[in-house]
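These are the residues of each chain, in order.
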Amino acid sequence: MEKNPSIATGTIYKILNVFVEHDLLKKVNTDKDIMRYDIITSQHHHLYSVDSDRIEDYYDEQLNRILNEYFKKRRIPGFRIEDMQLQIKGNFFDK
């Protein structure tokens, strides 16, 4: 905002929401109700650190297949799934 102080914060969020509507971004919410935006729109999941509020992308093709096959066989009545993202909660630690 320092470079363009005349741009309102609300304008930025409106633009981000337009990007979400056009599948250019995805919204990712944290436990602290902080909205983040993810530029990666392909199917992936998130590792969410409860302590630090850090989010990292998590890719697992086998997990994607399991979820897709499960919901293909067990449809939810009156609901059409458009996307699936797991948010796996825990805490990061050094190995």
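Residues numbered from 1 in each chain as written. Predicted model: local features only at pLDDT ≥ 70, side-chain atom pairs only at ≥ 80, totals over all residues. Heavy atoms only, no water.

### A closer look at the confidence of the model for the protein chain
So, step 1. On average, residues of the protein chain carry a pLDDT of 88, and 97% of them reach 70 or more.
So, step 2. When the elements of the protein chain are averaged for pLDDT, strand β1 (residues 26-29) gives the smallest value, 84, and helix α2 (residues 61-73) the largest, 94. (pLDDT = per-residue confidence, 0-100. Helix = DSSP H or I, 4+ residues; strand = E, 2+ residues; numbered from the N terminus.)

### Let's talk about the pairing of strand β2 (residues 35-38)
So, step 1. Pairing of β1 with β2 involves four bridges; the strand directions are antiparallel. Residue pairing in the sheet places Lys-26 in a bridge with Asp-38 of β2.
So, step 2. Counted along the chain from β1 to the antiparallel partner β2, the turn is five residues long, and its residue Asp-33 has a positive phi close to 60°. (Pairing = 2+ DSSP bridges.)

### Some details on α2
So, step 1. The terminal C-alpha atoms of α2, which comprises 13 residues, lie 18 Å apart, in line with the 18 Å expected from a rise of 1.5 Å per residue.
So, step 2. Taking the backbone nitrogen of Gln-62 as reference, a side-chain oxygen 3.0 Å away marks Asp-60 as the first, capping residue of α2. (Expected span 1.5 Å × (residues − 1). Polar contact = N/O pair within 3.5 Å; in protein donor to acceptor, adjacent residues only side chain to side chain.)

### A few points about the pattern of salt bridges
A side chain of one charge can pair with a side chain of the opposite charge if their charged atoms are brought near each other.
So, step 1. Going through the model one piece at a time under the given rule, you end up with four salt bridges.
So, step 2. For Asp-83, the salt bridge is made with Lys-26, and the minimal N-O distance between the two is 2.6 Å. Residue Asp-83 is found in the loop between α2 and β5 (87-90), and its partner Lys-26 is found in strand β1; the two are separated by 57 residues along the sequence.
So, step 3. Residue Asp-83 is classed as partly exposed on the basis of its relative accessible area, which comes to 40%.
So, step 4. For Lys-26, a relative accessible area of 15% translates into the label buried.
So, step 5. Residue Arg-36 is joined to Asp-53 by a salt bridge in which the shortest nitrogen-to-oxygen separation is 3.6 Å. Taken together, the residues span a long stretch of sequence, with Arg-36 in strand β2 and Asp-53 in the loop between β3 (45-49) and β4 (55-58) at a distance of 17 residues.
So, step 6. With relative accessibility at 7%, the residue Asp-53 sits in the buried group. (Salt bridge = Lys/Arg side-chain N within 4 Å of Asp/Glu carboxyl O. Buried < 20%, exposed > 50% of the residue type's maximum accessible area, 1.4 Å probe, protein only.)

### Re the packing of aromatic side chains
So, step 1. Under the defined criterion, the tally for this structure stands at one aromatic pair.
So, step 2. On the numbers, 4.9 Å between centres and 85° between planes, the contact of Tyr-70 with Phe-71 is edge-to-face.
So, step 3. Tyr-70 sits in the partly exposed class, given a relative accessible area of 39%. (Phe/Tyr/Trp six-rings, centres within 6.5 Å; stacked < 30°, edge-to-face > 60°.)

### Examining the environment of Glu-56
So, step 1. By the element assignment, Glu-56 lies in strand β4.
So, step 2. Its relative accessible area of 31% is what places Glu-56 among the partly exposed residues.
So, step 3. Distance from Glu-56 to His-46, taken between C-alpha atoms, is 5.5 Å for residues ten residues apart in sequence.
So, step 4. Contacts of Glu-56, omitting those with residues within four sequence positions, involve His-45, His-46, Leu-47 and Phe-92.
So, step 5. Within polar-contact distance, the side chain of Glu-56 engages the side chain of Arg-54 at 2.4 Å. (Contact = heavy atoms within 4.5 Å.)

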